[in-house]
Amino acid sequence: MAEEINAFPQTLTIAGTDSGGGAGVMADIKTMQERHVFSAAVIVAVTAQNTLGVQDFSALSKKLIDEQFASVAGDLKIRACKTGMLADAEHVEIVVENLKKYDLGPLIVDPVMIAKGGAPLLADDAINVVKRDLLPLATVVTPNLPEAERLTEMTIKTNEDMQKAAKQLRATGAKNIMIKGGHGDTEKVTDYVLLADGKEFWLSSPRVDTVRTHGTGDTLSSAMTAEIAKGQDIESAIRVAKDFVEAAIRNTIQVGRGHGPLNHWAYGEEHAVK
Ligand SMILES: Nc1ncnc2c1ncn2[C@@H]1O[C@H](COP(=O)(O)OP(=O)(O)O)[C@@H](O)[C@H]1O
Ligand SMILES: Cc1ncc(COP(=O)(O)OP(=O)(O)O)c(N)n1
């Protein structure tokens, strides 16, 4: 019997690299591997980065980015994709063009703007381009609190503010919204989800007292992408992703002297059949 070509669930991350291994494409691929999907990558930018900060970065040429999209789309069957660091307005446009050109499945947009150490990973003038051109393509958008504030031009302090911001983000055309509460200072971290059908829910877990939170957003959005590629509905994918990142933060690994990376094995080990 002939084997079905491309039957195995395949995902694509469209993002920047992290030489320190904790965030960006590196966190995405580790997460997707742990969630048992195959992951391809279109590199938009290369960063010189470690747990202490971002020392430098450079975005790739349009030609090389277009060629990466063509190579991936010309061979693999991508069932879900995600975006991360997109650097500037020009590169957001390049990515949008390619997302419209190829069928890469549902799109999860992690609107990465600033690294934990404070380095900007998206130029200020790109924020409007993200809102206008990228968010309308998004199946899910996953801003953290500062990103949601920039995208909505709102101050977000309360649960009601999160609900209001999510509604405003839905008006951009993004279908499902998850506002992440990692940057708050409450005892519990609470994320807010507003689904396309109007259903809303909160995901709350104890705040882990650690500085080792480098790549949390990447890990969450990659786990979500993987579950969607396997055919899970959006709500289930979001819930698995939250549990996955929570286990990865809670089961600290000692790597680096600053904002250390997560433990991408943790969820798998906690859920292993013994
Ligand atoms: N200290 C923490 N303890 C537990 N969960 C956290 C912690 N920090 C972040 N999270 C969770 O990690 C995920 C990513 O959130 P966040 O850190 O806000 O995103 P980003 O990495 O994009 O800044 C969210 O689900 C959030 O609730
Ligand atoms: C190359 C690259 N992409 C994304 C990020 C930001 O990752 P995130 O998950 O938001 O984690 P922190 O930077 O907040 O730790 C990055 N640093 N580098």
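Taking an unreviewed UniProt entry as the reference, the protein is identified by name as Hydroxymethylpyrimidine/phosphomethylpyrimidine kinase belonging to Secundilactobacillus angelensis. Regarding the protein, the relevant UniProt record gives this comment under Sequence similarities (unreviewed entry): "Belongs to the ThiD family."

Turning next to the site of ligand 2. Residues in close proximity to ligand 2 total 17 residues, the closest being Gln49, Lys116, His214, Gly217 and Asp218. Taking Gly215, its main chain carries an N or O atom lying 3.1 Å from an oxygen atom of ligand 2. Measuring from an oxygen atom of ligand 2, one finds a backbone N or O atom of Thr216 at 3.5 Å. Surface burial for ligand 2 is 98%, taken as the share of its 420 Å² of free accessible area covered by protein chains. Structurally, ligand 2 is housed in the largest pocket. Secondary-structure elements contributing two or more residues to the shell around ligand 2 are strand 1 (10-18), strand 2 (38-50) and helix 7 (216-229).

The next thing to look at is the pairing of strand 4 (residues 78-83). Counting buried positions along strand 4 gives five out of six residues, so the element sits mostly inside the fold. Relative to strand 4, strand 1 runs parallel, the two sharing five bridges. Of the residues in strand 4, the one forming a bridge with Thr11 is Ala80. As paired strands, strand 4 and strand 5 (residues 107-109) are joined by three bridges and run parallel to one another. Within the sheet, the bridge partner assigned to Cys81 lies in strand 5 and is Leu107. Since strand 4 and strand 5 lie parallel, the crossover through helix 3 (residues 89-101) that links them has a hand, and here it is right-handed.

The next thing to look at is the side chain of Glu227. Within the secondary structure, Glu227 is located in helix 7. Within the structure, Glu227 has its side chain in polar contact with the side chain of Arg35 (distance 2.7 Å). Contacts of Glu227, omitting those with residues within four sequence positions, involve Arg35, Gln232, Ala237 and Val240.

In this section: the layout of surface pockets. Computed from the structure, the largest pocket encloses a volume of approximately 960 Å³. Taken together, 46 residues make up the lining of the largest pocket; nearest its centre are Lys116, His183, Thr213, Thr216 and Gly217. Those elements that provide at least two residues to the lining of the largest pocket are strand 1, strand 2, helix 5 (145-152), strand 8 (188-194), strand 9 (200-206), helix 7 and helix 8 (234-250). There is about 330 Å³ of room inside the second largest pocket. Around the second largest pocket sit 16 residues that line it, and Leu145, Lys157, Gly184, Asp185 and Thr186 are the ones nearest its centre. Every element with two or more residues in the lining of the second largest pocket is listed here: helix 5, helix 6 (159-170) and strand 8.

About the thresholds
- Residues numbered from 1 in each chain as written.
- Chains lettered and ligands numbered in written order.
- Predicted model: local features only at pLDDT ≥ 70, side-chain atom pairs only at ≥ 80, totals over all residues.
- Heavy atoms only, no water.
- UniProt positions renumbered as here; feature names shortened; annotations may be inferred.
- Near = heavy atom within 4 Å.
- Polar contact = N/O pair within 3.5 Å; in protein donor to acceptor, adjacent residues only side chain to side chain.
- Areas by Shrake-Rupley, 256 points an atom, 1.4 Å probe, with all protein chains shown as cover.
- 1 Å grid on protein atoms, 1.4 Å probe; cavity = no way out; pocket = protein on both sides within 12 Å on 5 of 7 lines; lining within 4 Å.
- Sits in = over half its atoms within 2 Å of the grid points.
- Helix = DSSP H or I, 4+ residues; strand = E, 2+ residues; numbered from the N terminus.
- Buried < 20%, exposed > 50% of the residue type's maximum accessible area, 1.4 Å probe, protein only.
- Pairing = 2+ DSSP bridges.
- Right-handed = clockwise from strand over helix to strand, strands pointing away.
- Contact = heavy atoms within 4.5 Å.
- Points joined across faces, edges and corners; volume = space filled by probe spheres on them.

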